[in-house]
Amino acid sequence: MPVSRRTFLSAGVGAAALVTVAATASCSSSSTPPAATGGGVADAGVELPTYVRFEGVAADLPGTDDGIPDTFFSYPANPQAATSGHPADGSAIQGSVPVNKAVPPSMDRNSYWQELNNRIGSELSLTITPGADYPQRFATAVAGDGLGDVFTIDMGFAQLPQFLAAQCQDLTEYLSGDAAADYPFLANLPTDSWRGTIYNGAIYGLPISRGVQSSQLLYTRNDLFEARGVDPRPTTIEEFVQACRDMTDTRANTWALTNAPMSMLQQMYGLPNTWGVDGAGAFTHAIESEGYKQALELGRQLVADELVHPDSVDASGADQKSWFGAGSSVIHQDTYSGMGSMYDVGSTEGEGYVVGLMVTPSESGDPAPLWLGNPNNTISAIKKGDEARVRMLLEVLNFLAAPIGTAEHLFRKYGVEGVHYNLDENNDPVLTDLGETEASGGTFPIEYLIDGPRPNYYPGRPQVAQDIYDHMQEVVPTGVRNPTVGLYSATQGTMGGRLNTTLGDATNAILLGREPVSSWDDVVTDWRSKGGDTIRAEYEEGYAAANG
């Protein structure tokens, strides 16, 4: 059976997907590496923006200090404008962003975009690139100085701190400490997210905050579990495997899993969140632990026993979600923020369609510790400019960061009432066909220039918001952070991609039965000699600096 790296890695399977988490976390939370060693630490002498929570809207279930977001059962009634006038000065603004849906109609054919410009007070011209193609677009634009005034950063870009210092605005004087109060919606972003914007001993970006919402879990088709009389919440690994067997019927073209969920299998065996650190500050990667081979063996068993959809080798993540929606697979690995798409793919299944959230089982029977997601999806940056221009761009970004319950947020997400959306009887916005296309279904890619704190809110589905809140209450207190968040490894930035690919290929070969699990020891030895040990040393250096 041929191996498709695209499928296994896009599904979060294998070491490559996990090491990418380390790369993203390190790159998105870093400072300049000392020239001799390549290790660095966030907050290096920088006062982070003072957090000032926006108090204008009360959540139905307020968020918690450990990261559970504000929960809303319906859109807050009577949203009021929280700003006045136009944030821009009338001059043209250019930007570059990725998009993870279909590229929306161009500005001249897009009434939502035109109204966005009216409300900003300037023409915001965006180069919008499909997400998979954005790294290449970013690299090309860097070489040609074509990113514009404000742009999403490709966090895998080699020598990122050097690029930021050369071409991007140092925002420290504008946002550090109490200075952030000039931009109250930026000050409303979590402190953890701001740590991801520090490079070269300065604030060089703005966070696209996600936090706990980016943590991965297993979704279940609870309606189908109930129909077969199978418990969708196994408490042990053995019970999990048995549930997969009970939910698989190959004669009916039904398989338990959309993919071999390596991220979750590692959590079942209690592995560290990509990297672990001991009391002496020594780092160990998850792939080096004995538990990783246990996770590989379990993943190999699931594939060999035909409990994983056989087409997952050649399928995209969207394909796998469609299987989940159609019921040909009933367990899918994704993030909390993916819940909306879980219901989108099942929109034709009727009222009986029910999505559940599995509490990850463990060997002991206790819930497995949750790997907390990276605080940020990515960051954006501003091109170097004079103070007046920089402050104007920050005003625009502050306007776009308005949180749920404000008139600014309602427009940014859903457009113009009666044109792009209508309010239902519960005050929830329902997108029209025009809103689905022009406003990208509520995810117009300006959200990759800046975004407010992501609430736990699902229009028309209050029970879904409650289910997520309940699940988070159960598992977030067990959460384990990736200790490299806030650290920088220059070697990870330059060599991480190649190392990730090698690890991913090796993991896939084992999952598909092409190589034995015992071959993993040689894979790790090779990883260490070709850069893994250097990455480790750089993280340890930054960690030591951060912890005295």
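I will try to describe carefully the structure that is included in this document.

### Considerations on the overall build of the protein
Across its full length, the protein holds 20 helices and 19 strands. Compactness check: the protein gives a C-alpha radius of gyration of 23 Å against a globular reference of 24 Å for 548 residues, within 12% of the reference. When the backbone C-alpha atoms are referred to their principal axes, the protein occupies close to 65 × 60 × 40 Å. Within the protein, buried positions represent 55% of all 548 residues. Intrachain contacts of the protein at a sequence separation of at least 6 include 78% that bridge at least 24 residues. Surface exposure of the protein reaches about 21000 Å², of which carbon and sulfur atoms provide 48%.

### Comments concerning the sheet that holds strand β4 (residues 124–130)
A sheet is described by the order of its strands in space; here 5 strands give the open sequence β4-β3-β5-β15-β8, paired in mixed fashion. Here the strands that pair on one side only, and so sit at the sheet edges, are β4 and β8 (206–209). On average, each strand axis in the sheet is tilted by 20 degrees relative to the strand beside it, whichever way the strands run. With 3 bridges joining them, strand β5 (residues 150–152) and strand β15 (residues 376–382) adopt antiparallel strand pairing. Note on β15: the bridge partner recorded for Thr152 is Ser380. Along the sheet, helix α15 (residues 387–400) contacts β3 (93–99), β5, β8 and β15; its crossing angle with β3, the most-contacted strand, is approximately 45 degrees.

### What about the packing of aromatic side chains?
Using the criterion set out here, one finds 19 aromatic pairs in the structure. Ring geometry for Tyr112 against Phe411: centres 5.2 Å apart, planes inclined by 20 degrees, an arrangement best described as stacked. One end of the pair, Tyr112, is in helix α3 (residues 111–120); the other, Phe411, is in helix α16 (residues 407–414), with 299 residues separating them in the sequence. Of the two residues, Tyr112 and Phe411, both sit in the buried class. On the basis of an interplanar angle of 75 degrees and a centroid distance of 5.3 Å, the ring pair of Phe138 and Phe157 is categorised as edge-to-face.

### Some thoughts on the environment of Val430
If you trace the backbone, Val430 turns up in strand β17 (residues 429–431). Excluding its chain neighbours within four sequence positions, the residues that come into contact with Val430 are His420, Tyr421, Asn422 and Asp424.

Cut-offs and rules
Residues numbered from 1 in each chain as written. Predicted model: local features only at pLDDT ≥ 70, side-chain atom pairs only at ≥ 80, totals over all residues. Heavy atoms only, no water. Helix = DSSP H or I, 4+ residues; strand = E, 2+ residues; numbered from the N terminus. Rg over C-alpha atoms; globule rule 2.2 N^0.38 Å. Buried < 20%, exposed > 50% of the residue type's maximum accessible area, 1.4 Å probe, protein only. Contact = heavy atoms within 4.5 Å. Areas by Shrake-Rupley, 256 points an atom, 1.4 Å probe, with all protein chains shown as cover. Pairing = 2+ DSSP bridges. Axes fitted to C-alpha atoms, helices over the stretch in contact; angles between N-to-C directions. Phe/Tyr/Trp six-rings, centres within 6.5 Å; stacked < 30°, edge-to-face > 60°.

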